[in-house]
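# Survey of secondary and tertiary structure
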Amino acid sequence: MKLLVCGGAGFIGSNFVRLRVRDHGDEVVVLDKLTYAGRRENLADVEHVFVHGAIEDRDKVAEAIEGCEAVVNFAAETHVDRSIAEPDAFVTTHAVGTYVLLEAAREAGVRYLQVSTDEVYGSIAEGSFTEGSPLAPSSPYSATKTGADLLVASYFHTYGLETLICRGSNNYGPYQYPEKLIPLMILNAMHADPLPVYGDGQQVRNWLYVEDFGRGIGHVLAHGRPGEVYNVGGPDECPNLEVVERIIALTGADRELLTYVTDRPGHDRRYSLASEKVRALGWEAQVHFAEGLEQTVAWYRDNPEWWGPIRSGDYRAYYERQYGSQLG
Ligand code: NAD
Ligand code: TYD
């Protein structure tokens, strides 16, 4: 298959491209704007065609989609904390970008898969969200992702475009930009830097190994019913504090590094996805959190040439803004 993968230079996108090229022999065109989170290095070992551009740029999209049989859209601004500080790019990329891609897919007559998130459902105290649960996003990130999902659904209902939506839970694994909880804690622990826990650290996330998400998206692309939404949740839930404690144990860091900082505004307490629908297509998560976390810590330990330039670049300015004096 020849696939257009938008946002393929980011964390999940690059892992997905690697999986498709190596395991499925797909031809892949990557369209990516290369924001702070997108890196050509993430795809250094994978054969692909690269188009540098934004999904909201019609000309770039037209160039990239040529000859492709399906579009998989990962392109997004993805960090909730950044969406609280500067929501602008979230609105442009998720609303305008998704619209431009949908139009291009409609014109080309190809299947369109939108990569979405469990955060569109908001927070759940008990039980798990199904695909029919009401949408109740809390942050500018999740609200704009929800808008994109609704636009995608409208292209199925209005124009008959073959659309699919995959809502994943929190991903972790190699190549994740170190502003997200797990890579941030791993690198800080390795450097004996403070480990900033928001609020009481009892917020729960449903952890999904990045390759399991990639396999789930592949399953939905091949076997999903057009117009449908599929939740792809990880096999394990874990409170943030326990995640950090596990990382402390795996890295041998000092527990004294654990530092409670001011909570995120509007912080969702718990995410949990029911994934029976995608399981009925034959998908099953293969990596449990304990094993995946160990592999992820080992990957960061073994790949300083990947994270070294990130930690010494613009990232420092972000880090100062986000945590500033709270970490001393
Ligand atoms: P990421 O931030 O690592 O990568 C995003 C990629 O999109 C980057 O390569 C970036 O350069 C590119 N991009 C951003 N804006 C663009 C634009 N306007 N045009 C073209 N490219 C653009 O993010 P990720 O964690 O890999 O997430 C990928 C997708 O998966 C997102 O849609 C996200 O909402 C979704 N998702 C993420 C998680 C998670 O835990 N990380 C969970 C569920 C769903
Ligand atoms: P994050 O990785 O940003 O993903 P999301 O907000 O999309 O779930 O955060 C995961 C959880 O970790 C979330 O509850 C916020 C918390 N968190 C911290 O406690 N400290 C941190 O420094 C970061 C980045 C996140």
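Residues numbered from 1 in each chain as written. Chains lettered and ligands numbered in written order. Predicted model: local features only at pLDDT ≥ 70, side-chain atom pairs only at ≥ 80, totals over all residues. Heavy atoms only, no water.

## Some points on the side chain of threonine 117
Short version of the rule: Numbering of helices and strands runs from the N terminus; a helix is a DSSP stretch of H or I covering at least four residues, while a strand is a stretch of E covering at least two. Categorising residues by exposure relies on relative accessible area from a 1.4 Å probe, with only protein chains included: less than 20% of the type maximum marks a residue as buried, more than 50% marks it as exposed, and the intermediate range marks it as partly exposed. Counted as a polar contact is a pair of N or O atoms within 3.5 Å, where, for protein atoms, one must be capable of donating a hydrogen and the other of accepting one, and residues adjacent in sequence contribute only when both atoms are in side chains. Only heavy atoms enter the contact rule, under which two residues are in contact if any of them lie within 4.5 Å.
Structurally, threonine 117 can be placed in strand β5 (residues 111–117). Its relative accessible area of 5% is what places threonine 117 among the buried residues. A distance of 3.3 Å separates a polar atom in the side chain of threonine 117 from a polar atom in the side chain of aspartate 118. Those residues in contact with threonine 117, other than ones at most four positions away along the chain, are Tyr141, Lys145, Cys166, Arg167 and Gly168.

## Some thoughts on the domain arrangement of the chain
Put simply, the rule is: Each domain span listed reflects an automatic or database assignment of domains. Values labelled buried area give the accessible surface lost by two parts on being combined, using a 1.4 Å probe and summing over both.
Structurally, the chain comprises domain 1 (2–171 + 208–232) and domain 2 (173–205 + 236–269 + 287–314). Once you take the C-alpha centre of each, domain 1 and domain 2 turn out to be 25 Å apart. On the side of domain 2, 21 residues touch domain 1, which itself brings 24 residues to the contact. Interface area, domain 1 with domain 2, both sides summed: about 2000 Å², of which 48% is carbon and sulfur. Contact with domain 2 buries surface across domain 1, with Phe11, Arg39 and Tyr209 losing the most and accounting together for 29% of the total.

## Things to note about the sheet that holds strand β2 (residues 27–32)
We count it as follows: Any two strands with at least two DSSP-identified bridges between them are counted as paired. For every element, the axis is a line fit to its C-alpha atoms; helices are fit only across the contacting stretch, and the angle between N-to-C directions ranges from 0 to 180 degrees.
Ordered in space as β3-β2-β1-β4-β5-β6-β10, the seven strands form an open sheet in which the pairing is parallel. The two strands at the open ends of the sheet, each matched to only one other strand, are β3 (49–52) and β10 (228–232). Neighbour-to-neighbour, the strand axes of this sheet turn through a mean angle of 20°, independent of strand direction. Where strand β1 (residues 2–6) meets strand β4 (residues 70–73), four bridges bridge the pair, whose relative direction is parallel. The partner of leucine 4 across the bridge, within β4, is valine 71. Sitting on the sheet, helix α4 (residues 88–108) touches β1, β4 and β5, and the angle it makes with β5 is about 160°.

## Re the side chain of glutamine 176
Note that glutamine 176 resides in the loop between β7 (171–172) and α6 (181–190). Other than its neighbours up to four places away in sequence, glutamine 176 contacts Phe11, Asn171, Pro183, Tyr300 and Trp306.

## Side note on the site of ligand 1
In plain terms, the rule: The rule for a residue being near a molecule or strand is that one of its heavy atoms must lie within 4 Å of it. Only the protein chains shown count as covering a residue, and every accessible area follows the Shrake-Rupley method with a 1.4 Å probe. Under this grouping Gly is polar, as are all residues other than the nonpolar Ala, Val, Leu, Ile, Met, Phe, Trp, Tyr, Cys and Pro and the charged Asp, Glu, Lys and Arg.
Lining the immediate surroundings of ligand 1 are 29 residues, of which Ile12, Asp32, Thr78, Tyr141 and Lys145 lie closest. Separating an oxygen atom of ligand 1 from a backbone N or O atom of isoleucine 12 is a distance of 2.7 Å. In this structure, tyrosine 141 approaches ligand 1 through a side-chain N or O atom, which is 2.7 Å from an oxygen atom. Surface burial for ligand 1 is 96%, taken as the share of its 840 Å² of free accessible area covered by protein chains. Elements with a contribution of two residues or more to the shell around ligand 1: α1 (11–24), β5 and α5 (140–159). Counting residues per element, the shell around ligand 1 draws most heavily on β5, at three residues. Among the residues forming the shell around ligand 1, the class breakdown is 12 nonpolar, 13 polar and four charged.

## Quick word on the sheet that holds β7
Read from one edge of the open sheet, three strands run β7-β9-β11, paired in mixed fashion. The outermost strands of the open sheet, each flanked by one partner alone, are β7 and β11 (236–239). Docked against the sheet, helix α8 (residues 240–251) engages β9 (204–209) and β11, running at close to 90° with respect to β11.

## Notes on the pairing of β4
Side-chain alternation along β4 places Ala70 and Val72 on one buried face and Val71 and Asn73 on a second face that is also buried. Alignment of β4 against β5, held across four bridges, turns out to be parallel. The residue of β5 that forms the bridge with asparagine 73 is glutamine 114.

## Topic: helix α2 (residues 58–65)
Operational definition: Note that the arc is defined by the directions from the helix axis to the C-beta atoms.
Those residues of α2 that sit buried are Val61, Ala64 and Ile65. Angularly, the buried residues of α2 cover 90° about the axis, an arc narrow enough to put them on a single face. Check the buried side of α2 and you find it contacts β1, β2, β3, β4 and α4. For α2, the N-terminal capping position is held by aspartate 57, with its side-chain oxygen 3.1 Å away from the main-chain nitrogen of aspartate 59. Phi turns positive, to about 80°, at glycine 67, one or two residues after α2.

## Considering the nonpolar core
The cut-off we apply is this: Put simply, buried Ala, Val, Leu, Ile, Met, Phe, Trp, Tyr and Cys residues joined by side-chain atoms within 4.5 Å make one nonpolar core.
Counting 68 residues, the largest nonpolar core has Leu113, Ile182 and Ile217 as its most contacted members. Top element by residues in this core is α6. It accounts for six residues. Shared between two domains, this core takes at least three residues from each, and those domains are domain 1 (2–171 + 208–232) and domain 2 (173–205 + 236–269 + 287–314). The next biggest cluster of nonpolar side chains, apart from the first, holds 29 residues, and it includes Tyr112, Tyr121, Ile165 and Leu273.

## Concerning the packing of helix α10 (residues 289–302) against helix α11 (residues 304–312)
Rules: An angle below 35 degrees is treated as roughly parallel, one above 145 as roughly antiparallel, one from 65 to 115 as roughly perpendicular, and anything else as oblique.
Two elements in contact, α10 and α11, have axes separated by 6 Å at closest approach and are oriented at 75°. One element, α10, and the other, α11, form an angle in the roughly perpendicular class. Here α10 contributes Trp299, Tyr300, Arg301 and Asp302 to the contact with α11, which in turn contributes Pro304, Glu305, Trp306 and Trp307. Tallied by class, residues from the contact of α10 with α11 come to five nonpolar, no polar and three charged.

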